[in-house]
Amino acid sequence: MVVLLEVFTSKNCPFCPKAIAAVEEAVKELGSQVEYKHYDVNEDVDKTMEYKIMSVPTIVVNGRVAFRDAPEPKRLISKIKRNMK
C-alpha cells in the first residue's frame, strides 16, 4: 500500500526546512512506498483550507494531520509504516 505524505510549509517559516528534511529522508528510505506532495500555504490556498491548516509545518499522512511540527525522521518513518498496514 502506498502512503500519501503531504507537507505544508511557508517560505518564511524557520522550522519548515527541518520538516522538509525529515520528509525527504523518509521518502529516501521508503522509496516507492510513499507518494510525496509539498504545498506552500501561501500558494496552495485551496489545499491548505481543505485540511484546515492553521500552522506550519504540518505533515499529513493518508489524509490525516499527523504532525504540526518538524518531527525527527525516525518518528515520521514510524508513523508512515503504521499507515502501510
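Read on for an overview of the structure. Computed from a prediction, not measured in an experiment: that's the story for all the values here.

When its secondary structure is counted, the protein shows three helices and four strands. Reading the secondary structure of the protein in the N-to-C direction produces β-α-β-α-β-β-α. Taking 85 residues into account, the globule formula puts the C-alpha radius of gyration at 12 Å, and the protein, at 12 Å, falls close to it. When the backbone C-alpha atoms are referred to their principal axes, the protein occupies close to 30 × 25 × 15 Å. Every one of the 85 residues in the protein was classed for burial, and the buried ones make up 41%. Partitioning the intrachain contacts of the protein with sequence separation of at least 6 by distance along the chain shows that 70% fall at a separation of at least 24. Accessible surface computed for the protein: about 5200 Å², of which carbon and sulfur atoms make up 52%. Across the protein, the centroid of the 14 positively charged side chains sits 8 Å from that of the 12 negatively charged ones.

The next thing to look at is the packing of helix α1 (residues 16–30) against helix α3 (residues 73–82). Between α1 and α3, the least distance of the axes is 9 Å, while the angle of their chain directions is 55 degrees. Relative to α3, the element α1 lies oblique. Here the hand of the crossing between α1 and α3 comes out right-handed. Here A22, V23, E25, A26, E29 and L30 of α1 lie close against α3, whose contacting residues are P73, L76, I77, I80 and K81. Among the residues forming the contact of α1 with α3, the class breakdown is eight nonpolar, no polar and three charged.

Looking now at the packing of aromatic side chains. For the coordinates displayed, the defined rule picks out two aromatic pairs. Ring geometry for F8 versus Y39: centroids 5.0 Å apart, planes at 25 degrees, classification stacked. In this pair, F8 sits in strand β1 (residues 3–9) while Y39 sits in strand β2 (residues 34–40), placing the two residues 31 residues apart along the sequence. Each of the two residues, F8 as well as Y39, counts as buried. Seen in terms of ring centroids, F8 and Y51 are 5.7 Å apart; in terms of plane orientation they differ by 75 degrees. Their pairing is edge-to-face. Here F8, found in strand β1, pairs with Y51, found in the loop between α2 (45–50) and β3 (58–61); they are 43 residues apart in sequence, far enough to count as distant. What links up through ring pairs into an aromatic cluster is the set F8, Y39 and Y51.

Quick notes on the rules
- Residues numbered from 1 in each chain as written.
- Predicted model: local features only at pLDDT ≥ 70, side-chain atom pairs only at ≥ 80, totals over all residues.
- Heavy atoms only, no water.
- Helix = DSSP H or I, 4+ residues; strand = E, 2+ residues; numbered from the N terminus.
- Rg over C-alpha atoms; globule rule 2.2 N^0.38 Å.
- Buried < 20%, exposed > 50% of the residue type's maximum accessible area, 1.4 Å probe, protein only.
- Contact = heavy atoms within 4.5 Å.
- Areas by Shrake-Rupley, 256 points an atom, 1.4 Å probe, with all protein chains shown as cover.
- Lys, Arg positive; Asp, Glu negative; His and termini not counted.
- Charge placed at Lys NZ, Arg CZ, Asp CG, Glu CD.
- Axes fitted to C-alpha atoms, helices over the stretch in contact; angles between N-to-C directions.
- Parallel < 35°, antiparallel > 145°, perpendicular 65-115°, else oblique.
- Left-handed = near helix turned anticlockwise from the far one by under 90°.
- Nonpolar A, V, L, I, M, F, W, Y, C, P; charged D, E, K, R; others polar.
- Phe/Tyr/Trp six-rings, centres within 6.5 Å; stacked < 30°, edge-to-face > 60°.

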